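In case you want the letters, here they are:
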Amino acid sequence: MIFLGQSKPLCFNNLKPGSFHNVHRPKFIVMATTVTGAGRTMEDPSLKGQLQISVPAYDALPPIQSHKRVVLVRHGESTWNAVGRIQGSSDFAVLTHKGEMQAETSRQMLLTDAFDTCFHSPLARAKRTAEIIWGIRKKTMISLDNLREIDLYSFQGLMKKEGKELYGDAYQTWQKDAANFVIDGHYPVRELWVRAQNCWRSILDNQGSSILVVAHNAVNQALVATATGLGPEYFRQLLQSNCGVSVLDFTPSHSHDGPPYVCLDRLNQTPSPPLVQVGGRKTCTRILLVCHGATDSSLQKRFPASENESLNMLGVIQARKVAELLLDITVDLLLSGPADCSKCTADHIAEVQEAADCLGVNCQPRYVEVKEGRQKEDVVQRERWQDYLQHEDIPGAESLSLLWDRAGRTWQALLDEVKNLPEKDESTPEKTVVVVGHEAVHVAMLGHCLQLTQACLGSFHLDTGSLSVIDLPDGPLGQGVVRCWNYTAHLGRWAVPVTLPTLADEDF
């Protein structure tokens, strides 16, 4: 196997949730706006063409006094989704039968969760989804106009083919460079980012600690992005499928008067498995990040296992479950970190892949390419984890900056592996690479994929046995699109709940 693992123990210096998020937190400045009718915003024309991003702006989120978890859900499939008509903030579409079933599946998934409040878009397709999910709960739902879908002005109501024919270059900009897309004198994506910031003020000012938000594709992307400090140039890089669930945790700042720390617990957990490509751009290259199964130390501290620590019984179950989840796809290359727990998880995946013909998936045996790596400087290093949480000056501890730099080299090595994969025939052009390793390295690699800074390390969470999917629609040289993050539904009764039980602040 190629070893894409960790080297030295990290010194986290008494790490608390989201504690990296206040260090050079990547933020953006949204263009100055003026308010027009119905609470909508319109960009100052003098600022057009000057999209400024990734500039510190710490006032985007209001301060909070207690921990909050916000669960975002996109509406189910609508009649206009089904035929490929551009919806925007129009309110003519309703849920299809499939959309109602998707909402019902989400209701079942969230059935036992004790939400304090539900905010929803006023548009019929989102309102109906919220009603289905909210079910028999007694508390009143709150309609929030700023949660409506992106305003697309003259685009709204057009079939996608008509948009291409009528608007030509503008439609191409909408597809390829949405942050700079202009229509009818408006920058829709930039306006949406302003609205998303206003949404967070309404949502986080609510007294509830567990909040459900049901809205739309674009606005949910903007909510995730503005919460985690990403600008409008990240539009379409954080996928939101019909009834996909995303979860954000907000922790008060130490002083309780600054913006909260934010951690994305999961992104786009869908009613159907994330390996089924529904929505988003078609891709021929896909990277699947699999966190190794549980070990005794990972269960106790949620930090890396020692070099020779094997999976415990739960970890074996998780490894088998993720191997079964991947059974319906063909893995072209399997890469693993050097720790025993990572190699054991990878072995389970390889074993099930190679037994695909026996299991009735197809009639052709799959011979998974599992590469044996050498001890290459920087990229291939051994894990030497130890109990580093209690001490700041552990001999040999790896700093976060070293982890970040090493993960960057590992990500580049991974892209090089992808570039060297042989071309496939036209009937099955998709290339799939599975990478098994520890959550800390996967989070850092995601940061490099999205071209973030080291400050992002506390902004994303992963669980053992989880699956994350990154699409490369433009190949290894293009931007990565996060199809899902920290998917755990395949773990069945061992799955991590979407919402947390009620905890005291000190236990959160």
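Every value quoted in this text rests on a predicted model; they were computed, and no experiment measured them. (Residues numbered from 1 in each chain as written. Predicted model: local features only at pLDDT ≥ 70, side-chain atom pairs only at ≥ 80, totals over all residues. Heavy atoms only, no water.)

Enquirer: A description of the overall build of the protein chain should follow, citing residues and the corresponding values.
Expert: Helix and strand counts for the protein chain stand at twelve helices and 14 strands. Within the protein chain, the proportion of its 508 residues that are buried is 56%. Considering only intrachain contacts with a sequence separation of at least 6, the fraction spanning at least 24 residues in the protein chain is 76%. Taken as a whole, the protein chain presents about 20900 Å² of accessible surface, with 51% of it coming from carbon and sulfur. (Helix = DSSP H or I, 4+ residues; strand = E, 2+ residues; numbered from the N terminus. Buried < 20%, exposed > 50% of the residue type's maximum accessible area, 1.4 Å probe, protein only. Contact = heavy atoms within 4.5 Å. Areas by Shrake-Rupley, 256 points an atom, 1.4 Å probe, with all protein chains shown as cover.)

Enquirer: Tell me about the packing of aromatic side chains, residues and numbers included.
Expert: All chains considered together, the criterion is met by ten aromatic pairs. Aromatic side chains tryptophan 193 and phenylalanine 235 sit 6.4 Å apart centroid to centroid with 75° between the ring planes, which places their arrangement in the edge-to-face category. Highlighted residues: tryptophan 193 in helix H6 (residues 188–204) and phenylalanine 235 in the loop between helix H7 (217–228) and strand E7 (245–251), separated in sequence by 42 residues. Here tryptophan 193 falls in the buried class, since its relative accessible area comes to 0%. Here phenylalanine 235 falls in the buried class, since its relative accessible area comes to 10%. (Phe/Tyr/Trp six-rings, centres within 6.5 Å; stacked < 30°, edge-to-face > 60°.)

Enquirer: Break down helix H2 (residues 97–109) for me, with residues and values.
Expert: Relative to the 18 Å expected for 13 residues at 1.5 Å per residue, H2 spans 19 Å between its end C-alpha atoms, a close match to the ideal helical length. Of the positions making up H2, those classed as buried are Gly99, Gln102, Ala103 and Ser106. Along the long axis of H2, the arc covered by the buried residues comes to 100°, so they all point the same way. The elements touched by buried residues of H2 are helix H3 (124–134). (Expected span 1.5 Å × (residues − 1). Arc of directions from axis to C-beta.)

Enquirer: Hey, could you go over the pattern of salt bridges for me, with residue numbers and the actual values?
Expert: All told, the structure shown has 17 salt bridges when counted by the stated rule. Note that arginine 266 is salt-bridged to aspartate 265, the shortest N-O span being 3.0 Å. Neither arginine 266 nor aspartate 265 differs from the other in exposure class; each is buried. As a salt-bridge pair, aspartate 471 and arginine 483 come within 2.7 Å of each other at their nearest N and O atoms. With aspartate 471 in strand E13 (residues 467–471) and arginine 483 in strand E14 (residues 481–487), this pair connects stretches of sequence that are twelve residues apart. (Salt bridge = Lys/Arg side-chain N within 4 Å of Asp/Glu carboxyl O.)

Enquirer: Go over the confidence of the model for the protein chain, please, and point to the residues and values.
Expert: Per-chain confidence: the protein chain averages 80 in pLDDT, with 75% of residues scoring 70 or above. Across residues 1–58, confidence stays below pLDDT 50; counting only partners more than four residues off in sequence or on other chains, it has 192 contacts. Low confidence marks residues 372–395, where pLDDT is under 50. Its contacts with residues over four positions away, or in another chain, come to 65 contacts. (pLDDT = per-residue confidence, 0-100.)

Enquirer: Now, about the environment of alanine 455: what can you tell me, with residues and values included?
Expert: Positionally, alanine 455 belongs in the loop between helix H12 (439–449) and E13. Overall, alanine 455 belongs to the buried group, its relative accessible area being 7%. Taking C-alpha positions, alanine 455 is 9.8 Å from tryptophan 404, a pair spaced 51 residues apart along the chain.

Enquirer: How would you sum up the pairing of strand E3 (residues 68–74)? Please name residues and give values.
Expert: Taken residue by residue, a regular strand's side chains alternate between the two faces of the sheet. For E3, a buried count of seven out of seven residues is recorded, marking the element as mostly surrounded by other parts of the structure. Residues of E3 alternate between two faces, with Lys68, Val70, Leu72 and Arg74 on one and Arg69, Val71 and Val73 on the opposite face, all of them buried. Sheet topology places E3 next to E7; six bridges connect them, and they run antiparallel. Across the sheet, residue valine 71 finds its bridge partner in E7, namely valine 247. (Pairing = 2+ DSSP bridges.)

Enquirer: Describe unusual backbone geometry, and please don't skip the residues or the numbers.
Expert: Look at tyrosine 153: it is not a glycine, yet its phi comes out positive at around 50°. Mapped onto the secondary structure, tyrosine 153 falls in the loop between strand E5 (142–143) and helix H4 (160–167). Looking at tyrosine 153, the relative accessible area reads 22%, which means it is partly exposed. Even without being a glycine, asparagine 268 presents a positive backbone phi close to 60°. Assessed through its relative accessible area of 1%, asparagine 268 is described here as buried.

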